[in-house]
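Okay, here's what each chain looks like letter by letter:
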Amino acid sequence: MKAKIMINKNFKLSEIDDRLYGSFIEHLGRAVYGGIYEPGHSKADKEGFREDVLELVQELKVPVVRYPGGNFVSAYNWEDSVGPVEERPACLDLAWKSKEPNEFGLNEFVSWAKKAETDVMMAINLGTRGISDARNLVEYCNHEGGSYWSDLRKKHGVEKPHNIKLWCLGNEMDGPWQVGHKTSYEYGRIANETAKALKLFDPELELVVCGSSSNQMPTFPEWERTVLEECYENVDYISLHIYLKNEENDLQTFLATPMGMDDFIDVVSKTCDYVKAKKRSKKTINLSFDEWNVWFHSNEQDEDIYKRQPWQVGPPLLEDIYTFEDALVVGGMINSLIRHSDRVKIGCLAQLVNVIAPIMTENDGTVWKQTIFYPFYYASVYGRGTALNISVDSPSYENKTFGTVPFIDITAVHNKTGELTLFIINRNHESDMELDIVVSGFEEYKIIEHAVMVHDDVKAVNSKENMNEVIPVKGSGLSASQGHITGKLKKLSWNCLRLSQ
């Protein structure tokens, strides 16, 4: 089998917004308590932040982290999370049937984000609260001083404003499971009025309105149309969420699921453009894919915790242990984001630590990288720059769900250092794939790194006992000469190919 691919330096798709490689921390499970925050741990700093976790977050070079939810935010009173810790109330979180002690709150998260070398993407409660509370929160975070809420921040020991510029107007408001769920019209109205108020405070704020929580929702994409018709001129992005799964243990279908992500993005983009045309607007709404990942392994365990052990602080929820095949699918999801980086400007791998996450910790113990850490790491570090259009002629297979599925999934980025980086997945689990890649404009380039993830067992995982079971290794079998990359790509593999002069 042979795949022929053409890449031209001048055929540019888009500049990739660095925020495409963002992530997410929610007050859910052990993401905060036992994850990024564990006072008393041997690796905790004076603020209680685990430095071993911070090192891995810094390694991923995550540019932005969404906080504090997620479903959690829809019944969240942000005022409970600020001020003297001993005076903060403990609350029951209805979304995840957990107890929130509010030991770690807004100001602690901003402090953590600075140490993690990342920016904050702050979510606002539009489930149980509204315009006034959103306005107060922004004033508390961003105003210099001389007003009630900004002076309260100073009283809490934070002299300088946080200057948070990116805000989510609620979370998954299309979902009946959401506390304060609204119809598309109801939500579009409150989102618009909230956006107007926040833009009056600072017209430079970037606002993300809630799109559909899944492309499988019965209201999709009518939800997007109705919401945007209410708030189009006052918001900047619309959100998308997707979680892929392999509950049927069907490898070929699972490997093709990122194609559904491609379709999701295409439909939302077209819906945005329909509203743009209908309103005769000159403004383009871009996309914030602020929740995406594989999620299904932990479902049964989570249901048991909800039923038998509710109202815990930091229970072990959504702790998917990721396999090699999950890493291949996450690599495909990243390729989907890169392929649509002309419209998708923000992405958040959900989540960052312990909760469906690339980083796992043990309470009072160690930390390790899950299989999905690696494709995300390589994309975040080497996938910034200009995404290039690619012509791909690949052998394929037929799938009952996704139709014709090419064995080769590839994206190309001409990054900011001048390197050409290719992210390539071979979905063929039976044989290696012969490649012939023409790289016009990169004739003098040579391969400087070929990292490959491959394993005989698609269910192989990393664990605290064996942290390096599934990791990238040095690849072989490919060479570059006079504008051609040729050779064989290993069967069922994820690859990062870096080329430079």
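These remarks concern the structure in this document. (Residues numbered from 1 in each chain as written. Predicted model: local features only at pLDDT ≥ 70, side-chain atom pairs only at ≥ 80, totals over all residues. Heavy atoms only, no water.)

Let us now look at the pairing of strand β6 (residues 119–124). For β6, the tally of buried residues reaches 5 of 6 residues, placing the bulk of the element in the interior. Note: strand β3 (residues 64–67) against β6, 4 bridges, orientation parallel. Considered in β6, the bridge of R66 is made with M121. Pairing between β6 and strand β7 (residues 166–169): 4 bridges, direction parallel. (Buried < 20%, exposed > 50% of the residue type's maximum accessible area, 1.4 Å probe, protein only. Helix = DSSP H or I, 4+ residues; strand = E, 2+ residues; numbered from the N terminus. Pairing = 2+ DSSP bridges.)

Further remarks concern the nonpolar core. W112, Y187, W292 and L422 are the most contacted members of the largest nonpolar core, which totals 163 residues. With 9 residues, the single largest contributor to this core is helix α10 (residues 324–339). Excluding residues that lie within four positions of it along the chain, W112 makes contacts with I36, F49, L54, V57, V65, F104, T118 and L352. (Core = buried A, V, L, I, M, F, W, Y, C linked by side-chain atoms within 4.5 Å. Contact = heavy atoms within 4.5 Å.)

With that settled, the discussion passes to the sheet that holds strand β18 (residues 420–426). One open sheet holds the 10 strands; their spatial order is β21-β20-β24-β18-β17-β14-β1-β19-β23-β22, and the pairing between them is mixed. Two strands lie at the open edges of the sheet, namely β21 (473–474) and β22 (478–481), each paired on one side alone. Along the sheet, α10 makes contact with β1 (2–15), β14 (385–393), β17 (408–415), β18, β20 (446–453) and β24 (493–500), crossing β17 at roughly 55 degrees. (Axes fitted to C-alpha atoms, helices over the stretch in contact; angles between N-to-C directions.)

Attention shifts here to the sheet that holds β3. Strands sit in the order β2-β3-β6-β7-β8-β9-β10-β11 around a closed barrel of 8 strands; the barrel is parallel. Taking each pair of neighbouring strands and ignoring which way they run, the sheet shows an average axis angle of 30 degrees. With 7 bridges joining them, strand β9 (residues 237–244) and strand β10 (residues 286–294) adopt parallel strand pairing. In the sheet register, H241 faces β10, and the bridge partner there is E291. Strand contacts of α10: β9, β10 and β11 (344–349), with the helix running at about 175 degrees to β10, the strand carrying the most contacts.

It is worth stressing that arrangement in space is one thing and function is another; only the former is reported here.
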